[in-house]
Amino acid sequence: MTIHEFGQVHDEVVVLVHPSVVMWDYFEYVIPLMQEYYHLIVPALPGYDTESDSDFTSVEQIAEELADWLITHDHREIACIYGCSMGGSVVTRFLADRKVKVRSAVIDGGIMPYQLPWIVTRLIAIKDFLLISMGKVGGLKILQKAFSTDDYSEEDLQYIAKVLKHMSTRTIWRTFESCNNYDMPKQVTVDCEHIEYWYAKAEEKDRKGDIAYIKQSLPQTVFKVFVDVGHGGLATLKPELLVAELKSAMEE
């Protein structure tokens, strides 16, 4: 896991954790807007790291390694951690581990562990794995069927194809299997002072189970709904809005 840092002259640390099927440059429009005010830490997660041939490990291991890196570099308290989709899974587990003091956290469309029978969760993981794997083998034509062309331009699809070319089949499987089934304490206790869960209005149905899990496990969470944007679309389509909302969360 390669760690990218920006704005190191600032004291306030903000960690940004990217989704699946993208790399750390998912935040390329967000970084310039925040590095003048915050010390940004942006990990390139295993399996999505062009500087490493490593495969994706697990949500639990990545959360632990990220916390250990922060502690080793004397960041035992951070202003905010943000994670989108798969990154939201990492943030959720990171908070539950309580190794690092987090003042505010934002889980954007984060995937929570499925509360379903084991065999059902594996069937879902197999479906997702096959869909993405077909995109890896079939290229843009398959990707255009796998991803809505209303949400993704041809340039976006070419970027996804590039990421898939780097991803191993092991990374694809582990990403979905782990995000759907990562381990969480039965009674979740966190030290974070302010937690927000964001989701797009268009994905409300898809996030129904995730929202229910958050409400039960982290009842102090504040929910925010965004219109005119899809799952994980803030960082690329509305970076100014994402930054403004992150600053708002940190002020709570």
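Please refer to the structure higher up on the page.
Since this is a predicted model, take the numbers as computed values, not measurements. (Residues numbered from 1 in each chain as written. Predicted model: local features only at pLDDT ≥ 70, side-chain atom pairs only at ≥ 80, totals over all residues. Heavy atoms only, no water.)

## So, the overall build of the chain
Counting secondary structure elements, the chain contains 10 helices and 7 strands. Residues counted as buried form 52% of the 252 residues belonging to the chain. Counted over contacts in the chain with a minimum sequence separation of 6, partners at least 24 positions apart contribute 79%. As displayed, the chain offers around 12,200 Å² of accessible surface, 50% of which is attributable to carbon and sulfur atoms. (Helix = DSSP H or I, 4+ residues; strand = E, 2+ residues; numbered from the N terminus. Buried < 20%, exposed > 50% of the residue type's maximum accessible area, 1.4 Å probe, protein only. Contact = heavy atoms within 4.5 Å. Areas by Shrake-Rupley, 256 points an atom, 1.4 Å probe, with all protein chains shown as cover.)

## As for the sheet that holds strand β6 (residues 194–200)
Across the sheet, 7 strands lie side by side as β1-β3-β2-β4-β5-β6-β7; this open sheet has mixed pairing. Taken across any chain shown, the strands that pair with only one partner, and hence form the sheet edges, are β1 (2–6) and β7 (222–226). Between one strand and the next, the sheet's axes are offset by a mean angle of 20°, whatever the strand orientation. Taken strand by strand, helix α8 (residues 208–217) contacts β5 (101–108), β6 and β7, and its axis lies near 165° from that of β6. (Pairing = 2+ DSSP bridges. Axes fitted to C-alpha atoms, helices over the stretch in contact; angles between N-to-C directions.)

## Here we look at the environment of Tyr199
Following the sequence through the fold, Tyr199 ends up in strand β6. Note on Tyr199: relative accessible area 8%, which makes it buried. Setting aside residues up to four positions removed in sequence, Tyr199 forms contacts with Glu204, Arg207, Ile211, Phe223, Lys224, Val225 and Phe226.

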